[in-house]
Amino acid sequence: MINFPERVNAFAFKIATPNGSGSASANGLIMQAIFRMGIPVSGKNVFPSNIQGLPTWYEIRVNKDGHTARTPDFDLFVALNPATYKKDVAEVRSGGWLLYDSTWPLAAELMREDVTILGIPLAHMVNEAFAGGRERILMKNIAYAGALAALLDLDMEIIAELIKATYGRKAALLASNEKALALGFDYAKKHFSCPLPIRLAKMDKTAGHILIDGNTAAALGCVYAGATVGAWYPITPATSLMEGFKSFCQQFRENPDGTKRYAILQAEDELSAIGMVIGASWMGARSFTPTSGPGISLMSEFIGLAYYAEIPAVIFDVQRTGPSTGMPTRTQQGDLMLCAYASHGDTKHLVIFPANPEECFHLAVQAFDAADRFQTPVFVLSDLDIGMNDWMVKELTWDDAYRPDRGKVFTAAELDKMQAFHRYLDVDGDGIAARTLPGTSAKGAYFTRGSGHNKLGGYTEDGGEYVEVVDRIARKINSAAEALPQPVIIGKGHKLGIITVGSNDGACREALEDLGRQGIGVDYLRVRAFPFAKSVRDFIDAHDSVFIVESNRDGQLRTMIQIETGIPVEKLKSIRYYGGFPMSSHHIVSGVTAHLKPQVVAREAQS
Amino acid sequence: MINFPERVNAFAFKIATPNGSGSASANGLIMQAIFRMGIPVSGKNVFPSNIQGLPTWYEIRVNKDGHTARTPDFDLFVALNPATYKKDVAEVRSGGWLLYDSTWPLAAELMREDVTILGIPLAHMVNEAFAGGRERILMKNIAYAGALAALLDLDMEIIAELIKATYGRKAALLASNEKALALGFDYAKKHFSCPLPIRLAKMDKTAGHILIDGNTAAALGCVYAGATVGAWYPITPATSLMEGFKSFCQQFRENPDGTKRYAILQAEDELSAIGMVIGASWMGARSFTPTSGPGISLMSEFIGLAYYAEIPAVIFDVQRTGPSTGMPTRTQQGDLMLCAYASHGDTKHLVIFPANPEECFHLAVQAFDAADRFQTPVFVLSDLDIGMNDWMVKELTWDDAYRPDRGKVFTAAELDKMQAFHRYLDVDGDGIAARTLPGTSAKGAYFTRGSGHNKLGGYTEDGGEYVEVVDRIARKINSAAEALPQPVIIGKGHKLGIITVGSNDGACREALEDLGRQGIGVDYLRVRAFPFAKSVRDFIDAHDSVFIVESNRDGQLRTMIQIETGIPVEKLKSIRYYGGFPMSSHHIVSGVTAHLKPQVVAREAQS
Amino acid sequence: MTYIAKPKVHHPSLQKNAIGLTRRDYEGAMSTLCAGCGHDSVTGALIHAFWELDLEPHRVAKLSGIGCSSKTPTYFLKNAHGFNSVHGRMPSIATGANAANQDLTYIGISGDGDSLSIGLGQLCHIIRRNVNMLYVLENNGVYGLTKGQFSASADRGSLAKRGEANPFEAIDGAMLALTLGATFVARSFSGDKEQLVPILKAGLKHKGFAFVDVISPCVTFNDHDGSTKSYAHTREHLHEVDDVDFVPLRKEISLPADAGSTPEVRLHDGSVIRFRRIDGNYDPTDKDRAYSYLRERAKSGEVVTGLLYVSPDSLDLHDNNKTVKKPLTEVPYEELVPGAATLAKLQKRYR
Amino acid sequence: MTYIAKPKVHHPSLQKNAIGLTRRDYEGAMSTLCAGCGHDSVTGALIHAFWELDLEPHRVAKLSGIGCSSKTPTYFLKNAHGFNSVHGRMPSIATGANAANQDLTYIGISGDGDSLSIGLGQLCHIIRRNVNMLYVLENNGVYGLTKGQFSASADRGSLAKRGEANPFEAIDGAMLALTLGATFVARSFSGDKEQLVPILKAGLKHKGFAFVDVISPCVTFNDHDGSTKSYAHTREHLHEVDDVDFVPLRKEISLPADAGSTPEVRLHDGSVIRFRRIDGNYDPTDKDRAYSYLRERAKSGEVVTGLLYVSPDSLDLHDNNKTVKKPLTEVPYEELVPGAATLAKLQKRYR
Ligand SMILES: Cc1ncc(C[n+]2csc(CCOP(=O)(O)OP(=O)(O)O)c2C)c(N)n1
Ligand SMILES: Cc1ncc(C[n+]2csc(CCOP(=O)(O)OP(=O)(O)O)c2C)c(N)n1
Ligand code: SF4
Ligand code: SF4
Ligand SMILES: [Mg+2]
Ligand SMILES: [Mg+2]
């Protein structure tokens, strides 16, 4: 046995179960308890694209320094799914622990010399303790939670509290849970020397923070932005965004008589969903649709209409692994280019990239403001990791003074004072023409169309008139660069830089530290919107070499930077991981060092 | 009056009429007659997006040197549409001629000092000569054709022949046409000094050539490639492609009993059309769909499926002015980026760019070969100018030894000899895995899916297995660069180069000569496929500055070159025209010289 | 066609309606359709219907897809906001618009290609949602704008201009709408303004989705012998089942004395659709009979016109959603957002 | 679910069919659906039907869209080519495939979300084209794979698992198919293998589009009280109109003596569908009566099952297209291309 150094509040473990067995709530319980102990924690739910039976995993990382990006190094593995034993056992780091259900003899596949194997007769215990088949399955999960509590020194009071909060009103259920928890806890205490060297100890690093998933936070953002019409077609991993919106609206937007100050339209498909958003936005409602890659493809024609007819729309793309159906329950950043340039003809769209649930909330609000102000579709590019996993983020705050920026919309009174209203006339010289909402007044009436129109709003087939309008739109879109959320930059004057986007943020920040420890100083920029702010170019110019870190095969972010800044690609080294899991710091560290090595070699050869 | 120098076989004229008045056949007649006189000629039909009444124009350019790109300089204007008088008269070059219908007094709008105005009482004459309303409208067109014959010295025998060929079997119609022709001819002869200084004279420069539009030629390409299933949804300007295919199939692929060796499916929309193509290709039929921009947007989801499941498909995109509905009867090259990267997730597609109808024929065949060989969608990017206008091109030739390259497809006999068949296994190391066709044998059976699959063809949610497959696909697509139609290059060692695509070819070649005359030597490369061949990069490397000439707002070709070659954008100067007409040489000449000027200035400032 | 003489909507007088507008105030831009196109007659009927209903033009939203038919919103109600969208997807735009602002009057114009091919799914689903709007399908059996391909409403055996026979069964929009639970289904003929105007009026006032299938011949591509959507064929095979009169609420006082003897349907706002039974005792509130009647007549090649079905107790999208009575666009921001304090409180559950 | 015990298709014997295959030869991969899912029973019935029809597995093409239902093609006929395509668009793939190769047997599996929402337009149009295939709609009233949203076949008032009532009218696939001119329409229940197997066999042998709506409960998201697509509700409200027996051509010799007394429908290949009338004199060849019958029963909440309609003289896509009898994939290249000489001659017209 390898002597494992004690690691308090700095380790990771993973639980493997079959899907649909109810392990999710036990896993959530553990994670939440750790959070309540004041320790930074993250949980990644790795689930299959089916409802019951296929393998599922839950990865928990505990890190006192606040690094909560995914790590692929697991100190402890709870292997409860025989179907994945072989794969699972390989993931335990040497010197780590493996917990299995010793109701049955240890499977040959699970044997590993360099790992401490802990057997707990979970099935046996719960079968003894509980009657119903379903209850036995569920309680097995709580039992391993109990065992983990003992092994990791999880605060039992906190767990008990959490269980009470959840099942408080259902006495029988509460009792079962408490019993199951104790079963696992007591067994572990009795048979193993608890806690293990990897263990928890209370801290105070989660005060002012919450555990929330990005879809829920984005839904809250939609509520606070004042969106009233949501249209959608269900698709993993975007579904819970609209479900969240619905539940918040039920809570905050229903009158005592049951009438609603919102409308949620479950469309027949994504073409219809975006059509509904365009219709509602045309009328002046803030409106949005959540979807994932296939939905964006299907919306492409309509996106071009909204771009050219200049109608606001907010589209959440919670990305999953493509192309096509791909791996719908795995994450990726594969839709960057599609969203930036969706639809036929010359188009370019505003895209906003939140990195975590906190930003999902705040940037959602900004997306609505941008859509209204620039009268154009705005994409919010989240991903499965942000959208569906619980992240530890700062508590969401709100400024009650906020009022929506509805952009240039003429009221009847304003129209009255005008000589004439022309829909596409750039009066202010900023590329943005004022609009009117249907029903306002006869004077404000105009015809919206996706076919050729001139600056007055009239139909045209005249090349010059056409060009005038599309040139103005191009100007308008580019002018948004400095108005959209600006990049987050950590600049310490290093010669190397990393640029990334979205959910890779945590892994990159961790990598910065890791690299720093290796003596490699690297600055950092995370883009938060497209078109890119000027500071992106400046950052690249200020560095000798820049690494573009992203989760797709083709280096889409790098391509977009290349297109928009014209910087030669040689300067933009690409670091990509796209196997469906969230990015880890080691992807970046090894990417950076691999790129540096040939340089070192080259330099040495020269000297 | 300005003294106009005689210009034999080197001028342009334009005819303005209301749409639906039957002018198309008269205009076609004139153009064909000029062609038969052996003189290089081109005709551009500028029509509105309606069926009757809106303005329409026909532009004919005659050029003894073979330059048949569009020119915006008209020596003669036939102004028969009062609705566009004002615009039309402005297009006549100073010293030119304006022909109008003098049945009514000369409209004030038509007056121009520097232009010779020729009045012919067309309406009056045909009203005297013909009875029915419809006949009068139609014969007016033939009458102006007769007048032009006199004014331009068009060979009357040839016209008479053409009329006979068209109406030979309908004696009354033939007589009317002949009469109307004589009316116009005689009037002009009698009242004006015919011919004008701009005039025609027989040559022998059209031997071995034909006048054909790109859609017809592409349809012939589909026939000769052996395509059996065509699926489509009507859309301008792609409609005539399938209509052409149908008429050729009726001619060549129907048995005496009326049974057909082809199937044309008019789908309910473009999503369905591409689905049908994918289904038929999956079964092993060569299958295609013609569409335009909006269709590509709608097909986006399915394109990703075909890419990822590796199913051949040939998609003709006859581009029109975007975005959205745009100007559906105007040309543009706005779908380059969309086709190259269509669909969500990481994707990249093979695109082939014909420059004229001749290439539409030959490259259509190559598109089917490429689709089969690389098992992926192949786009053929034509445009309205190529697709719907008659171009003078070399007679189409065919090698009877040609047999389709069906790529790697295992037969039952081959399967029998194998241990096992795995759909996505790269046995040959070239990135291409062999497929089998449904129905072949039990051993060849596999499951086609757009969801995650491993190299054996099994369903997977494993990151490593997924990556293995998408990486191979990326290799496969990139490997096509040298197998697809190679660029056309005119290299004379100049320091400047022009790169263009598609229908700009003629304008660019003309511009090369024009620039040459100004002492500016420029080399030339026209890309014919994407991913780009290595020679594109080499060409750029070999030149100090390269001008990218294209018909879209955003410089999409330039962007693609930038993405694929990594060459800094500064080296790639952009010349764009996107007002809906075909490109003219002067766009390029002025673009190049404008770019050069600041350099000259800069150089002068330095010295 | 803008510059060739075309049949103009008749203005015998510049008579004013109750809100002081003449029919001219309900017109739009000059038509650019072919002379004689059925769609222009529908436009005329619509102008008439809006005028007679005393609707304020700017309180109307007019929408369409793409096609010759879909161009018609340009030709009426120049003072209304219009939306000429993309091919076949207007229903979703109308649904979203209506969800956002239930106070406007919505009219959608579509073609048989737009509605029954590319847009069929959206049409079926807007019917299912019973969005409050008048939906006019200008049905000519062809794709006019793309020059004469068969549409899905072309009858089996109907001949194309070049002589080819259509091999497929036609989709009958009215039957489809009935099957999908539409609450208002009518069919008429562009050439029959007498019948069309009251149907359009009733449709505009119906609370829910009012589907009106108007046979509207395409003179350029589908008006020849052998076509079952030509003027001649339609006129010959018309079979009117009822004769509709629409009586808006406020005019009710002026009802004739014998009003009681005419069957009538009272709409949600108190307006009345009164109909005279032409065919036996056809009853447009009896859906099952309507259906079998239509099938029967269709088999003998007849085109049944009139108000085919109306449900007086139709529940529209907002009834089903229980939306507040005010348009959502007019709910003040303050009533939508629970504020900072609530946000803070709410987050307890995420700890 | 791959690794939890699940109800296995019964193999009482490894009996061989006429081409020497056992039922096992018609199976596919292990199901990954929830234990008790209706779809797995449909899979079982399909395996049975294919086996009894003595079809060569590799001469079958099985297609689907996306959804739990659409996963089922993986679970039968492992030796057939399969195509799990994109959501709602399988009909177009099937149409293209069938156009290219008419010699295979085609089966499509879809769900109510896949067919009646996103895919409704394609479903309607494949019906209209009468593509020769068996189309099984595994109807559970919800979106299973995305975890329980109402589908368009959910009945008005049916309750979601969380208690909410569906506010919209259901789309009834069978009624819709009838309206659109389908040539074979049946409805059954996943729990009634007795009824389902002969219907599937008849559908496989019907020349044209055979639409089979199978109520196939979702145990995980729609099997609770208040759902109208639960096992319990469906069992209670089933109303069988006829009892079908399918007699393939070659077995005809073995018909029982009293065969003449049972109504029968003879298919194009000489096979016979024989049915026993359970409800009065329900006649599945009388479309108009079928329609009104269904409406009537539906109003009283009954789920009518059985072979609802079949047209013995159905013309499929290839009949209408007049395709050569050989699959287009097998027409030699030489018969498709007119050659260089013809090309030269042809071009005279372009001079
Ligand atoms: C996505 C898309 N596909 C195709 C077209 C081309 N298109 C324009 S109108 C039309 C058909 C119109 O037919 P219908 O709706 O019957 O109108 P009509 O012209 O007959 O009144 C088509 C196919 C288009 N505009 N957009
Ligand atoms: C374009 C697209 N949109 C959404 C989805 C997500 N999705 C997968 S299956 C499904 C619904 C399936 O419902 P149904 O067809 O009834 O099948 P069931 O699971 O109920 O058998 C949805 C919405 C998708 N895969 N693709
Ligand atoms: S083509 Fe037909 S539908 Fe279109 S405007 Fe002309 S007559 Fe009307
Ligand atoms: S979720 Fe429902 S439909 Fe899907 S497998 Fe489970 S029971 Fe079947
Ligand atoms: Mg039409
Ligand atoms: Mg379902």
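Our structure is the block above this text.
If you're wondering where the values come from, they're calculated on a predicted model, not measured in any experiment.

Take the overall build of chain C next. Broken down by element type, chain C carries eleven helices and 13 strands. Taken over the C-alpha atoms alone, chain C extends approximately 75 × 55 × 45 Å along its principal axes. The buried share of chain C, reckoned over its 351 residues, is 65%. Sequence-distant contacts in chain C: of pairs separated by 6 or more residues, those separated by 24 or more amount to 71%. Computing the positive centroid from 41 side-chain charges and the negative centroid from 40, chain C places the two 7 Å apart.

All right, on to the site of ligand 2 then. Taken together, 24 residues form the shell around ligand 2, and within it Glu270(A), Ser69(D), Asp112(D), Gly113(D) and Gly144(D) come nearest. Residues near ligand 2 are shared among chains A, B and D, making this a multi-chain site. Residue Glu270(A) places a side-chain N or O atom 2.5 Å away from a nitrogen atom belonging to ligand 2. Taking Asp114(D), its main chain carries an N or O atom lying 2.8 Å from an oxygen atom of ligand 2. Contact with the protein chains covers 98% of the free accessible surface of ligand 2, which is 590 Å². At the level of elements, helix H10 (293-309) of chain A together with helix H2 (68-71), helix H4 (112-116) and strand E5 (142-143) of chain D are the ones that each hand at least two residues to the shell around ligand 2. Of all the elements, H4(D) adds the most residues to the shell around ligand 2, at three residues. Here the shell around ligand 2 is composed, by residue class, of eleven nonpolar, nine polar and four charged.

At the junction of the two partners, chain C supplies 55 residues and chain A supplies 70 residues. In terms of surface lost to chain A, no three residues of chain C exceed His81(C), Tyr350(C) and Arg351(C), which account for 15% of the buried area on that side. Taken together, chain C and chain A are joined by three salt bridges. For Arg129(C), the salt bridge goes to Glu268(A), with nearest N and O atoms at 2.9 Å. At the boundary of chain C with chain A, the tally comes to 27 residue pairs in polar contact (both at pLDDT 80 or more). Among the elements of the structure, strand E1 (60-64), strand E2 (81-84), helix H3 (90-100), helix H5 (120-129), helix H10 (317-321) and helix H11 (339-346) of chain C are those that each provide at least two residues to the side of chain C that touches chain A. In terms of residue count, H3(C) provides more of the side of chain C that touches chain A than any other element does, seven residues in total. Here the residues of the side of chain C that touches chain A sort into 24 nonpolar, 21 polar and ten charged. Alignment of strand E17 (residues 447-449) of chain A against E2(C), held across three bridges, turns out to be parallel.

Contacts between the two partners involve 62 residues from chain B and, on the opposite side, 62 residues from chain A. For the pair chain B and chain A, the two sides together bury roughly 5,100 Å², of which 55% comes from carbon and sulfur. With its nearest N and O atoms 3.2 Å apart, the salt bridge here joins Lys87(A) to Asp462(B). Scanning the region where chain B abuts chain A turns up 40 residue pairs in polar contact (both at pLDDT 80 or more). Of all the secondary structure elements, the ones that give two or more residues to the side of chain B that touches chain A are helix H10 (293-309), helix H11 (336-341), helix H15 (463-479) and helix H18 (556-565) of chain B. In terms of residue count, the dominant contributor to the side of chain B that touches chain A is H10(B) (ten residues). Here the residues of the side of chain B that touches chain A sort into 23 nonpolar, 28 polar and eleven charged.

Bringing the coordination of the magnesium ion (ligand 6) into the picture now. All names here are of chain D. Distances from the magnesium ion (ligand 6) to its protein donors, namely Asp 112 (OD), Asn 140 (OD1) and Val 142 (O), fall within the range 2.1 Å. Look at where the donors of the magnesium ion (ligand 6) fall in the sequence and you get D-x27-N-x1-V. Among the residues examined, Asn 140 registers a relative accessible area of 4% and is labelled buried. Assessed through its relative accessible area of 4%, Val 142 is described here as buried.

Around ligand 1 there are 24 residues in total, and Glu270(B), Ser69(C), Asp112(C), Gly113(C) and Asp114(C) lie nearest to it. In this structure ligand 1 sits where residues from chains A, B and C come together. Within the backbone of Val142(C), an N or O atom sits 2.9 Å from an oxygen atom of ligand 1. Protein coverage of the free-state accessible area of ligand 1, which is 580 Å², stands at 98%. Those elements giving two or more residues to the shell around ligand 1 turn out to be H10 of chain B together with helix H2 (68-71), helix H4 (112-116) and strand E5 (142-143) of chain C. When residues of the shell around ligand 1 are assigned to their parent elements, the largest contribution, three residues, is made by H4(C). Partitioned by chemical class, the residues of the shell around ligand 1 number eleven nonpolar, nine polar and four charged.

The next thing to look at is the environment of Leu145(C). Within the secondary structure, Leu145(C) is located in the loop between E5 and strand E6 (149-150). Separated by 74 residues in the primary sequence, Leu145(C) and Lys71(C) place their C-alpha atoms 9.9 Å from one another. Residues in contact with Leu145(C), not counting those within four places in the same chain, are Ser49(B), Asn50(B), Ile51(B), Ile66(C), Gly67(C), Cys68(C) and Lys71(C).

Before going further, it helps to examine unusual backbone geometry. All names here are of chain A. With an omega of -10°, the peptide bond between Cys 194 and Pro 195 qualifies as cis. Mapped onto the elements, Pro 195 comes out in the loop between helix H6 (171-191) and strand E8 (198-199). Positive phi, normally seen in glycine, also occurs at Ser 343, with a value near 90°. Even without a glycine there, the phi angle at Gln 375 is positive, about 50°.

Let's shift gears to the nonpolar core. Counting residues in hydrophobic clusters, the biggest one holds 333 residues, and the most contacted among them are Phe288(A), Ile499(A), Phe288(B) and Ile499(B). Excluding residues within four positions of it along the chain, Ile499(A) makes contact with Leu525(A), Val527(A), Val536(A), Phe539(A), Ile540(A), Val546(A), Phe547(A), Ile548(A), Val549(A), Leu557(A) and Ile561(A).

Each copy superposes on the other: chain B lies on chain A with an RMSD of 0.0 Å after a rotation of 180° and an axial shift of 0.0 Å. Those values place the two copies in the arrangement expected of a two-fold rotation axis. No C-alpha of chain B approaches the rotation axis more nearly than that of Pro568(B), which lies at 2.2 Å. A high fraction, 100%, of the interface residues of chain B reappear at the interface in chain A, so the copies pair face to face through one surface.

Turning our attention to the coordination of the magnesium ion (ligand 5). Tetrahedral coordination by four donors sets the ideal angle at the metal to 109.5 degrees; octahedral coordination by six donors sets it to 90 or 180 degrees. Only Asp112(C) (OD), Asn140(C) (OD1) and Val142(C) (O) from the protein coordinate the magnesium ion (ligand 5), and they sit 2.0 to 2.1 Å from it. All donors to the magnesium ion (ligand 5) come from one chain, and their sequence spacing reads D-x27-N-x1-V.

Tallied over the full model, the rule gives 100 salt bridges over all chains. Among the ionic pairs, Glu461(A) bridges to Arg330(B), the shortest N-O distance being 3.7 Å. Within this pair, whereas Glu461(A) is found in the loop between E17 and helix H15 (463-479), its partner Arg330(B) is found in the loop between strand E13 (313-319) and H11, the two belonging to separate chains. Each member of the pair, Glu461(A) as well as Arg330(B), is classed as buried. Between Asp505(B) and Arg526(B) there is a salt bridge, and its shortest N-O distance comes to 3.2 Å. Of this pair, Asp505(B) sits in helix H16 (residues 505-517) while Arg526(B) sits in strand E22 (residues 522-527); the two residues are 21 residues apart in sequence, bridging distant segments of the chain. Here Asp505(B) and Arg526(B) have matching classes, each one buried. Shared partners join several salt bridges into a network, and the residues in it are Arg286(A), Asp369(A), Asp372(A), Arg406(A) and Arg435(A).

Once that is clear, we can look at the side chain of Ser216(D). All names here are of chain D. Within the fold, Ser 216 resides in the loop between strand E8 (209-215) and helix H8 (231-237). Using a relative accessible area of 0% as the deciding quantity, one classes Ser 216 as buried. At 3.5 Å, the side chain of Ser 216 forms a polar contact with the backbone oxygen of Gly 38. Apart from residues no more than four positions distant in its own chain, Ser 216 is found in contact with Gly 38, His 39, Val 42, Glu 138, Asn 139, Asn 140 and Ser 190.

Take the packing of helix H9 (residues 270-283) of chain B against helix H3 (residues 90-100) of chain D next. At their nearest, the axes of H9(B) and H3(D) sit 6 Å apart, and the two run at 45° to each other. Our classification of the angle between H9(B) and H3(D) gives oblique. Crossing geometry of H9(B) relative to H3(D) is assigned as right-handed. Residue-level inspection shows Leu271(B), Ser272(B), Gly275(B), Met276(B), Ile278(B), Gly279(B), Ala280(B), Trp282(B) and Met283(B) of H9(B) in contact with H3(D), the latter providing Ser92(D), Ile93(D), Thr95(D), Gly96(D), Ala97(D) and Ala100(D). Of the residues belonging to the contact of H9(B) with H3(D), the class tally is nine nonpolar, six polar and no charged.

Rules and cut-offs
Here, residues in each chain are numbered from 1, in the same order as that chain's written sequence. Numbering of ligands from 1 and lettering of chains from A proceed in the order in which they are written. Only residues with pLDDT of at least 70 get local features here, since the model is predicted, and only at 80 or more are side-chain atom pairs given and counted; chain-wide, interface and lining totals rely on the full set of residues. Side-chain numbers come from the whole structure's heavy atoms, not from hydrogens or water. Helix numbering and strand numbering both begin at the N terminus, where a helix is a DSSP run of H or I of at least 4 residues and a strand a DSSP run of E of at least 2. Whether a residue is buried, partly exposed or exposed follows from its accessible area with a 1.4 Å probe, protein chains only, as a fraction of its type maximum: under 20%, in between, or over 50%, in that order. Any pair of residues with heavy atoms lying within 4.5 Å of one another is described as a contacting pair. When charges are counted, Lys and Arg are positive and Asp and Glu negative, with His and the chain ends excluded. To locate a charge, the coordinates of NZ of Lys, CZ of Arg, CG of Asp or CD of Glu are taken. The nearness test applies per residue and asks whether one of its heavy atoms lies within 4 Å of the molecule or strand. The term polar contact refers here to a pair of N or O atoms within 3.5 Å; inside protein, the definition further demands a hydrogen-donor-capable atom paired with an acceptor-capable atom, and it admits residues adjacent in sequence only when both atoms are side-chain atoms. Values of accessible area rely on a 1.4 Å probe in the Shrake-Rupley scheme; residue burial ignores everything except the protein chains shown. Gly falls in the polar group here, along with every residue not listed as nonpolar (Ala, Val, Leu, Ile, Met, Phe, Trp, Tyr, Cys, Pro) or charged (Asp, Glu, Lys, Arg). Buried area: the accessible surface (1.4 Å probe) lost by two parts on joining, summed over both. The rule for a salt bridge is simple: a side-chain nitrogen of Lys or Arg has to be within 4 Å of a carboxyl oxygen of Asp or Glu. A strand pair is defined by DSSP finding two or more bridges across the two strands. Donor selection uses N, O and S atoms within 2.8 Å of the metal (3.2 Å for Na, K and Ca). Since no water is included, sites may look incomplete. Here the nonpolar core consists of buried residues drawn from Ala, Val, Leu, Ile, Met, Phe, Trp, Tyr and Cys, with membership extended through side-chain atoms lying within 4.5 Å. The copies were overlaid with a least-squares fit restricted to C-alpha atoms from residues scoring a pLDDT of at least 70 in each copy. Lines fitted to the C-alpha atoms define the axes, with helices restricted to the stretch that makes contact. Angles between their N-to-C directions range from 0 to 180 degrees. For classification, angles of less than 35 degrees are called roughly parallel, those exceeding 145 degrees roughly antiparallel, those between 65 and 115 degrees roughly perpendicular, and all remaining angles oblique. Two helices cross in a left-handed way if the nearer one is turned anticlockwise from the farther one by less than a right angle. They cross in a right-handed way if the turn is clockwise.

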